[in-house]
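Per-entry structural report
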Amino acid sequence: MGKRMDRERRTIDAMVHIYCRDHHGTRGEVCSDCEDLRAYAFARLEKCRYQDDKPTCANCPIHCYRPEMREKVRSVMRYAGPRMMLRHPVLAIAHVRDGRRKVPED
């Protein structure tokens, strides 16, 4: 996996940790439901057809998440996204920058 995909994994991981800690009261590790979501997101990243050229998932023309998992990820990102600037500012800025990427043409 390239640098871009590694950063995407770290961003998802950080967001899931923030969400789980604040919603499920965990410290350090995440609960089993959040771990399942994180593992699912990582599996989707590994199979992403764009890899290091990928836009953020919200801007991607291909929605590879199952609808229920997509909604869970949206909830996590809606909650954790604004909190990323305080806890992980470099990842947050990179994610905003990545959100402005153009979708690669097929």
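Let me sum up the structure you'll find in this document.

Across its full length, the protein chain holds four helices and zero strands. Starting at the N terminus and ending at the C terminus, the protein chain contains elements arranged as α-α-α-α. Relative to the globule expectation of 13 Å for 106 residues, the C-alpha radius of gyration of the protein chain, 13 Å, shows essentially globular dimensions. Referenced to the eigenvectors of the C-alpha coordinate spread, the extents of the protein chain come out at roughly 45 × 30 × 25 Å. Burial analysis of the protein chain (106 residues in total) assigns 35% to the buried set. For the protein chain, contacts bridging at least 24 residues in sequence account for 72% of all contacts bridging at least 6. For the protein chain, the computed accessible surface area is about 6,700 Å², with 51% contributed by carbon and sulfur atoms.

Now for helix H4 (residues 89-98). Looking only at H4, the buried set comprises Leu91, Ala92, Ala94 and Asp98. Within H4, the buried residues cover an arc of 165° as seen down the axis, which keeps them to one side. Turned more than 90 degrees away from the buried face of H4 sit Val96 and Arg97, all of them exposed. Where H4 is buried, its residues touch helix H1 (3-24) and helix H3 (67-87).

Let us look at the layout of surface pockets. In this model, the largest pocket occupies a volume close to 500 Å³. Thr56, Cys57, Ala58, Tyr65 and Arg70 are, among the 24 residues lining the largest pocket, the residues nearest its centre. Elements that contribute at least two residues to the lining of the largest pocket include exactly helix H2 (32-46) and H3. Of the residues forming the lining of the largest pocket, the biggest block, five residues, is contributed by H3.

Another point: H2. The first and last C-alpha atoms of H2 sit 21 Å apart over 15 residues, in line with the 21 Å expected at 1.5 Å per residue. Among all positions of H2, only Cys34, Leu37, Arg38, Tyr40, Ala41, Phe42 and Leu45 are buried. Residues of H2 that are buried make contact with H1 and H3.

Our next topic: the nonpolar core. One finds Ile12, Val16, Cys34, Tyr65, Val76 and Met84 to be the most contacted residues of the largest nonpolar core, which totals 26 residues. When contributions to this core are tallied by element, the ones reaching two or more residues are H1, H2, H3 and H4. The element that contributes the greatest number of residues to this core is H1, accounting for eight residues. Apart from the residues lying within four places of it in its own chain, the contact partners of isoleucine 12 are Ala41, Phe42, Leu45, Tyr65 and Met77.

Note on placement: arginine 38 falls in helix H2. The exposure class of arginine 38 is buried, given its relative accessible area of 11%. Ignoring any residue separated from it by four or fewer positions in sequence, one finds arginine 38 in contact with Asp13, Val16, His17 and Val30.

Thresholds, definitions, all that
Residues numbered from 1 in each chain as written. Predicted model: local features only at pLDDT ≥ 70, side-chain atom pairs only at ≥ 80, totals over all residues. Heavy atoms only, no water. Helix = DSSP H or I, 4+ residues; strand = E, 2+ residues; numbered from the N terminus. Rg over C-alpha atoms; globule rule 2.2 N^0.38 Å. Buried < 20%, exposed > 50% of the residue type's maximum accessible area, 1.4 Å probe, protein only. Contact = heavy atoms within 4.5 Å. Areas by Shrake-Rupley, 256 points an atom, 1.4 Å probe, with all protein chains shown as cover. Arc of directions from axis to C-beta. 1 Å grid on protein atoms, 1.4 Å probe; cavity = no way out; pocket = protein on both sides within 12 Å on 5 of 7 lines; lining within 4 Å. Points joined across faces, edges and corners; volume = space filled by probe spheres on them. Expected span 1.5 Å × (residues − 1). Core = buried A, V, L, I, M, F, W, Y, C linked by side-chain atoms within 4.5 Å.

In short, geometric facts, not functional conclusions.
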